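A look at the structure
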Amino acid sequence: MERAKLSLLFALHAVTVVCSVGLLVDVVVDRYDIPKYCPREVETEDFIRYHFNGSFYTDGKKFDSSHDRGKAFISQVGLGRLITGMDRGLQGMCVGERRRITIPPHLAYGSIGTGGVIPPDAVLVYDVLLLDVWNAEDKVDIRTISKPSSCNRTTASSDFIRYHYNGTLLSGEAFDSSHSRNATYDTYLGQGDIIKGMDEGLLGMCVGERRIVIVPPFLAYGETGSGTLVPPQATLVFDVLLVDVFNPKDDLIVEVKEVPDGCTRRSAVGDYIRYHYNGSFQDGTAFDSRYLGMDRPSSECRSNKPTPVFISYQRNSTYNTYIGLGYVIQGMDKALQGLCVGEKRRITIPPHLAYGETGVGELIPSSAVLVFDIHVIDFHNPKDPVQIKVIHKPEDCSLTSEADDLIQYRYNCSLMDGTLLYSSDHFDSPSFTTLGADKVIPGLEKGLSGMCVGERREVVVPPHWGHGENGAGGVPRSAVLFFQLELVELQKGVPEGFMFVWLGDGPDALFPAMDLNGDKEVPLEEFSAFIRLQVEEGKGRLRPGVDPDRIIRDMFNNQDQNKDGKVTEDELSPREDDKAEKTGRDEL
């Protein structure tokens, strides 16, 4: 009905008119406000949407206004649907341009006028603001603003995408923005979930690409518009930034960045792995580092949903977990298999193998593709033994280390990525320890056993043979340790609880052998001389690593039962009823 009224107002009449200002033979156009940028001008057969105020030239009285009706006027140009003067006056107009079009009667409503609104021979003045222009032959106009230097994948029909956009009318008036909602717009492509023009305009995009997509009305919301923000027959302009793309059929994408030489073992289900990583979205935005999560849930507190932990480097600690047991997202569980110690990979995980349609609060959006750059520090299996590799072994290796021996050794202790933790080179002399005395971690004890002086070894100690899940000063939790060992000195030991042992049978007559001067008494000096002689001749051995004078004095005091400063034959030969009391004491 409205259109019929307007058509009536703009019906064609041809007549010559004479005004006080002289004879007007054609339309007079005053382009009093022209935009600096005009990519397109109105041509014949174009459709246009515009606002206008219509007034009489003679007295300026308004006779019609689209503003008053609150609705822009829509028509086609050059095909007789407007009065001839408007058809001519609108030609070459730019969106955003303002014109004053003065139309003589013979190009307006002539000598008859119309509907009691326009009198005969009226000169009409239209103030026009062009809002939109399109043609039935128009296609979606795609203009690439920026594009990433590398693009491994572009959007295709049936993909699911996440993108940001600002939406405006062709006049520049904003109607919607994902940025204002602080959330991407998420949709499938080619499934009819969005307007046809956007379905077409978003094809072939790279993540990180920015486009201007101009959609003509018939590929947008057409004659109905959308709500109060998108009017009927509106061309829409979208400034689009593609954030994410995946396909429901996608699997992991694994890009191997670096593999160390000599990889003899790869991670498998059931292994426990420590690795560093950076986590980001496909557009390169890092995950929110405020969320630290847990290193590894225990079996008692393990939940059904893996705990997100996003940036291990910022915490200056590795992320530690079992592989293939559901402690991490499904995609990561799969990606951590088949890795070497020291390997670096980039892993792209589609949302159905990550946090799916729910995401994680404000940290991981719904349906987000996750990208992890990982660096494997070490891995082990709870059943792993200590690994010992002999690097050098002297030709003469008849005497080897065992429990109770006092050894001196050099060592370097590193993590499996080569990070040096400790070294005997940091001290003035090599380290000493007594094997079997629980002075070092079990794995190192095992690595030092069976060595001969001058032998060098490389020993890999899994955490259950090392410092375990709690770590130690400078040693991370659950760390596999790598030792480089060299045995420098070996002093054979004596059994636990003894300070001296015979290396064969002692003298048949012990006291006479000890009583060097034959006076039937053995003072400390004589006792000491006897013991030292046995050691020098290789017949006996004192406990290594302990002051010999103190050992000999303790042995003497143990034999000097009456504490008179000398040992007699009776004291040296304990009575039968004393034997139980002396069990475990330092004996000759």
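For the structure itself, look to the data block above.
These notes cover the structure that comes with them. These numbers come from a predicted model, not from an experiment.

Attention now moves to the overall build of the chain. For the chain, the count of helices and strands is 13 helices and 29 strands. Of all 588 residues assigned to the chain, the portion counted as buried reaches 46%. Relative to all contacts within the chain whose residues are 6 or more apart in sequence, the contacts with residues 24 or more apart total 71%. Accessible surface, the chain as shown: approximately 29500 Å² in total, 49% of it carbon and sulfur.

Helix α11 (residues 548–559) packs onto helix α10 (residues 524–536) with a crossing angle of 120 degrees between their chain directions and a minimal axis gap of 10 Å. With respect to α11, the element α10 is oriented oblique. Judged by the twist between their axes, the crossing of α10 over α11 is right-handed. Contacts from Leu-524, Phe-527, Ser-528, Ile-531 and Arg-532 in α10 reach Pro-548, Asp-549, Ile-552, Arg-553, Met-555, Phe-556 and Gln-559 in α11. In terms of residue class, the contact of α10 with α11 is built from 7 nonpolar, 2 polar and 3 charged.

Turning our eyes to something else, we now look at the side chain of Thr-184. Considering the arrangement of structural elements, one finds Thr-184 in the loop between α4 (178–181) and β12 (185–188). A relative accessible area of 18% means that Thr-184 is categorised as buried. Setting aside residues no more than four positions away along its own chain, Thr-184 makes contact with Arg-162, Tyr-163, His-164 and Val-243.

Right, let's talk about the state of the cysteines for a bit. Tallied over the entire structure, the rule returns 4 disulfides. Between the sulfur of Cys-38 and that of Cys-94 lies a disulfide, 1.9 Å long from S to S. Here the S-S torsion is close to -95 degrees, and the disulfide linking Cys-38 with Cys-94 is therefore left-handed. Of this pair, Cys-38 sits in the loop between β3 (28–33) and β4 (47–56) while Cys-94 sits in the loop between α3 (84–89) and β7 (98–103); the two residues are 56 residues apart in sequence, bridging distant segments of the chain. Residue Cys-38 is classed as partly exposed on the basis of its relative accessible area of 28%.

A cluster of nonpolar side chains, contributed by Val-254, Val-256 and Val-259, occupies part of the molecular surface with about 210 Å² of accessible area. Relative to the helices and strands, Val-254 resides in strand β15 (residues 253–258).

Here we come to the side chain of Gln-408. Relative to the assigned elements, Gln-408 resides in strand β21 (residues 406–415). Those residues within four positions of Gln-408 in sequence are excluded, and the remaining contacts are Pro-430, Ser-431, Phe-432, Glu-486, Leu-487, Val-488 and Glu-489.

Let us now look at the environment of Pro-512. With respect to the helices, strands and loops of the structure, Pro-512 is situated in helix α9 (residues 510–514). Its relative accessible area of 48% is what places Pro-512 among the partly exposed residues.

A positive phi angle is found at Asp-121, which is not glycine, with a value near 55 degrees. Among the structural elements, Asp-121 can be located in the loop between β7 and β8 (124–134). You can call Asp-121 partly exposed: its relative accessible area is 39%.

Right, let's talk about the packing of aromatic side chains for a bit. Considering all chains together, one arrives at 24 aromatic pairs under this definition. Consider the rings of Phe-56 and Phe-63, whose centres lie 5.1 Å apart with planes at 40 degrees: the pair is tilted. The class of Phe-63 is buried, set by a relative accessible area of 14%. With a centroid separation of 4.7 Å and 70 degrees between ring planes, the pair formed by Tyr-272 and Tyr-322 is classed as edge-to-face. Linking Tyr-272 in strand β16 (residues 272–281) with Tyr-322 in strand β17 (residues 319–322), this pair joins segments that are 50 residues apart in sequence. Grouping aromatic residues by their ring pairs yields a cluster made of Tyr-50, Phe-52, Phe-56, Phe-63, Phe-73 and Tyr-126. Above the plane of the ring of Phe-281 lies Arg-162, whose end atom (NZ or CZ) is 6.0 Å from the centre.

With that out of the way, let us pick up the pattern of salt bridges. A complete count under the given rule lists 35 salt bridges for this structure. Arg-345 is paired through a salt bridge with Glu-343; the nearest N and O atoms lie 2.7 Å apart. There is no split in this pair, since Arg-345 and Glu-343 are both buried.

With that settled, the discussion passes to the sheet that holds β17. Strands sit in the order β15-β18-β19-β16-β17 across an open sheet of 5 strands; the sheet is antiparallel. Edge positions in the open sheet fall to β15 and β17, since each of these has one partner strand only. The sheet shows a mean angle of 35 degrees between the axes of neighbouring strands, direction not considered. Relative to strand β19 (residues 370–380), β16 is paired through 10 bridges, and the arrangement is antiparallel. Within the sheet, the bridge partner assigned to Tyr-275 lies in β19 and is Val-376.

Ranked by internal contacts, the top residues of the largest apolar core, which has 28 residues, are Tyr-275, Met-332, Ile-349, Ile-364, Leu-370, Phe-372 and Ile-374. Listing elements by their share of this core, those giving two or more residues are β16, α7 (330–335), β18 (344–349) and β19. The dominant element in this core, judged by the number of residues it contributes, is β19, at 5 residues. Those residues within four positions of Ile-374 in sequence are excluded, and the remaining contacts are Tyr-275, His-276, Tyr-277, Met-332, Leu-336, Leu-339, Glu-343, Lys-344, Arg-345 and Ile-347. Within the second largest apolar cluster, 27 residues are counted, among which are Val-27, Val-77, Val-95 and Ile-103.

Here is what the cut-offs are and how they apply
Residues numbered from 1 in each chain as written. Predicted model: local features only at pLDDT ≥ 70, side-chain atom pairs only at ≥ 80, totals over all residues. Heavy atoms only, no water. Helix = DSSP H or I, 4+ residues; strand = E, 2+ residues; numbered from the N terminus. Buried < 20%, exposed > 50% of the residue type's maximum accessible area, 1.4 Å probe, protein only. Contact = heavy atoms within 4.5 Å. Areas by Shrake-Rupley, 256 points an atom, 1.4 Å probe, with all protein chains shown as cover. Axes fitted to C-alpha atoms, helices over the stretch in contact; angles between N-to-C directions. Parallel < 35°, antiparallel > 145°, perpendicular 65-115°, else oblique. Left-handed = near helix turned anticlockwise from the far one by under 90°. Nonpolar A, V, L, I, M, F, W, Y, C, P; charged D, E, K, R; others polar. Disulfide = S-S within 2.5 Å. Patch = residues over 30% accessible without salt bridge, like charges linked within 9 Å, V, L, I, M, F, W, Y side chains within 5 Å. Salt bridge = Lys/Arg side-chain N within 4 Å of Asp/Glu carboxyl O. Phe/Tyr/Trp six-rings, centres within 6.5 Å; stacked < 30°, edge-to-face > 60°. Lys NZ or Arg CZ within 6 Å of the ring centre and 35° of its normal. Pairing = 2+ DSSP bridges. Core = buried A, V, L, I, M, F, W, Y, C linked by side-chain atoms within 4.5 Å.

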